[in-house]
Amino acid sequence: MPRTPSRRTVLRGLTVTGAAVAGFDPAARGWAADASGTDGRLAGIPRLDGTLTRDDASLDAASDDYGHIVHHRPAAVLRPGSVRDVVTMVRFCNEHRVPVAPRGQGHAPFGQAQVPGGLVVETATLADIGPVGPDSTTVTVGAGARWSEVARAALAHGLTPPVLTDYIELSVGGTLSVGGLGGQAHRHGAQVDNVTELRVVTGAGELVRCSPARRPDLFHAVLAGLGQCGIIVEATLRLVPAPATVRHYHLAYDDLETFLDDQRLLVQEGRFDYVEGQVAADAGGAFRACTLEAVAYGPPVGPAPDDATLLRGLRHTPSGVQYEDRPYYDFLDRLAPFVAMLKEAGFWTYAHPWLNLMVPGTSAAAVSAPLLDALTPADLGPGVVLFYPLLRERLTTPLLRTSDEPVSYLFDILSATPPDDTAAVDRRLAANRSAYEAALAAGGTQYPVGSVPFTRADWRTHFGPAWPALEAAKRRYDPRRILVPGQGVF
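Residues numbered from 1 in each chain as written. Predicted model: local features only at pLDDT ≥ 70, side-chain atom pairs only at ≥ 80, totals over all residues. Heavy atoms only, no water.

Caption draft 1: View of the pattern of salt bridges. Tallied over the full model, the rule gives 25 salt bridges. Notably, a salt bridge pairs Arg-215 with Glu-206, separated by 3.7 Å at the nearest N-O pair. Asp-458 is paired through a salt bridge with Arg-433; the nearest N and O atoms lie 2.7 Å apart. Taken together, the residues Asp-458 in helix α14 (residues 456–463) and Arg-433 in helix α13 (residues 422–441) connect sequence positions 25 residues apart. Arg-433 gets classed as partly exposed once you look at its relative accessible area, which sits at 21%. Each of Glu-197, Arg-199, Arg-209 and Glu-234 takes part in one network of salt bridges that share partners. (Salt bridge = Lys/Arg side-chain N within 4 Å of Asp/Glu carboxyl O. Helix = DSSP H or I, 4+ residues; strand = E, 2+ residues; numbered from the N terminus. Buried < 20%, exposed > 50% of the residue type's maximum accessible area, 1.4 Å probe, protein only.)

Here it is in structure tokens:
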């Protein structure tokens, strides 16, 4: 039986949870719980299908993220019941110059999706997944859908997204806003390179359908655009046939340069469907133990893996070869036990001052070796060091920046530090900045999912030749610059 909301929880048709939101006070630049003391100047909240809330728990959650370093408290949180809610509230915020940021799974490490005094739009409620069949070449999903959900829906019909991040519980809208890189990127490009169409809410509150052929300036400004020109509410993603099983190799190396050279060889020759690698501390605490991870997809996508052919000419430690055959989805979700352990041990709530660099292939060893030499197990904590080799020709999205060389490496030092050890966090942030400058001097840049202190001038340098188009799109689609100020781009 329908419940009649009380007058205290509904205002002009708005359903609210926790603290009621009566409207926005333009003079005080804040949200008001009632109209008293506003002299009639309160701007009423439009009618919504979802909820707008100001309760402490919601505001506290929105003022934190996976990094646990930056804390900016918004004034309100929107949990949209429809795309129309996002349009309505962005339009309202644009009118009153209230900053807005979307939030998916809250996995940003440096406050990128936080917005002091503004509105956070939680996209998790926009998680519909469109129909998929055995002959589908695309699927249309809501921005809040997690990649694990998309993968399972596609796999039910023998299909898969071509590229998946190692951690698949991230939102589609979140990774498409930064790039979306994984070990398959050397074959298929980034996740942003496998989008055929978007629905976007611009900073002016306009709902726009865009693609390479329709409003291409907006399409290319949103993919890997850090939320600066529009909020993704829906994406149409490419699908490809999925293997039933994979063979997952772990190859040990004791020399960084040899390890990187073999990674480069594998992606240039295209022997494997997935290539990545890790560097761990050896018994003496030095980061010299390298493991190359390579995955071959089996039928019906590829032939049954042949070890001799796949491993021919590689210079790994002769005794350091391990492999296992496993179902494809088990491979995709292989981090789930590790994540569960991190959460159980309390490490998930550690600070994560991450470093993510795009390093030119010819300079990868020279840039990364000094950083690894200086790294200690205490610096890294329960984190990981990763290398992903990437082919420039596969990365076609203008705003996903990398080096100009044919092969680049995504080099990650994913540190985890007790959040109350602010001195350690500050040291990692300073080290991240120095590392970025070394990468920049070598012709690289950052992959903007980490914790590198950046200025507006740095962003202009980062985007390079793509900057004028992004700046023009910002003027056109977010003229009042209300979207995602936490990135610090404009």
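Caption draft 2: The sheet that holds strand β14 (residues 230–238), seen in detail. Strands sit in the order β10-β14-β12-β13 across an open sheet of 4 strands; the sheet is antiparallel. A strand with exactly one partner marks an edge of an open sheet, and here the two such strands are β10 (138–142) and β13 (207–210). Each strand axis lies, on average, 20° off the axis of its neighbour in the sheet, ignoring direction. Contacts from helix α2 (residues 83–96) reach β12 (195–202), β13 and β14 within the one sheet, and its direction differs from that of β12 by about 45°. (Pairing = 2+ DSSP bridges. Axes fitted to C-alpha atoms, helices over the stretch in contact; angles between N-to-C directions. Contact = heavy atoms within 4.5 Å.)

Caption draft 3: Focus on the packing of aromatic side chains. On inspection of all chains with the given rule, the structure shows 18 aromatic pairs. When the centroid spacing of 5.5 Å and the interplanar angle of 70° are considered together, the rings of Tyr-66 and Trp-354 count as edge-to-face. Here the residue Tyr-66 occupies a position in the loop between α1 (56–62) and β7 (76–79), and Trp-354 occupies one in the loop between α10 (336–345) and β20 (355–360), the gap between them amounting to 288 residues. Ring centres 5.5 Å apart and planes at 75° place the aromatic pair Tyr-297 and Tyr-328 in the edge-to-face group. A residue pair is termed long-range when its members are at least 10 positions apart, and Tyr-297 in strand β18 (residues 287–297) and Tyr-328 in helix α9 (residues 328–332) qualify at 31 residues. (Phe/Tyr/Trp six-rings, centres within 6.5 Å; stacked < 30°, edge-to-face > 60°.)

Caption draft 4: The arrangement of the environment of Gly-320 in detail. Position of Gly-320 relative to the elements: it lies in the loop between α8 (307–310) and β19 (321–327). Overall, the relative accessible area of 14% leaves Gly-320 in the buried class. Linking Gly-320 and Thr-291, residues 29 residues apart in sequence, is a C-alpha distance of 8.9 Å. With sequence-adjacent residues up to four places away left out, Gly-320 is seen in contact with His-250, Leu-251 and Ala-252.

Caption draft 5: The arrangement of empty space enclosed by the protein in detail. Applying the stated criterion across every chain yields a total of 1 cavity of 30 Å³ or more. Taken as a whole, the largest cavity holds about 40 Å³ of empty space. Lining of the largest cavity is provided by Trp-147, Pro-161, Pro-162, Val-163, Gln-191, Asn-194, Val-195, Leu-237 and Arg-238. Class assignment of the residues belonging to the lining of the largest cavity gives a composition of 6 nonpolar, 2 polar and 1 charged. (1 Å grid on protein atoms, 1.4 Å probe; cavity = no way out; pocket = protein on both sides within 12 Å on 5 of 7 lines; lining within 4 Å. Points joined across faces, edges and corners; volume = space filled by probe spheres on them. Nonpolar A, V, L, I, M, F, W, Y, C, P; charged D, E, K, R; others polar.)

Caption draft 6: Layout of the packing of helix α7 (residues 256–269) against helix α11 (residues 364–374). In the contact formed by α7 and α11, the axes pass within 10 Å of each other and the chain directions differ by 135°. Taken together, α7 and α11 sit at an angle that is classed as oblique. Helix-helix and strand crossings are classified by hand; for α7 and α11 the assignment is right-handed. Packed against α7, whose contacting residues are Leu-256, Glu-257 and Leu-260, the element α11 presents Ala-364, Ala-365, Ser-368, Ala-369 and Leu-372 at the interface. Residue composition of the contact of α7 with α11, grouped by class: 6 nonpolar, 1 polar and 1 charged. (Parallel < 35°, antiparallel > 145°, perpendicular 65-115°, else oblique. Left-handed = near helix turned anticlockwise from the far one by under 90°.)

Caption draft 7: Structural view of helix α15 (residues 467–477). Where α15 is concerned, the buried positions are Trp-467, Leu-470, Ala-473, Lys-474 and Tyr-477. Down the axis of α15, the sector holding all buried residues measures 130°, keeping them to one side. Residues of α15 that are exposed and point more than 90 degrees away from the buried face comprise Ala-469, Arg-475 and Arg-476. Where α15 is buried, its residues touch β12, α6 (216–222) and α14. (Arc of directions from axis to C-beta.)

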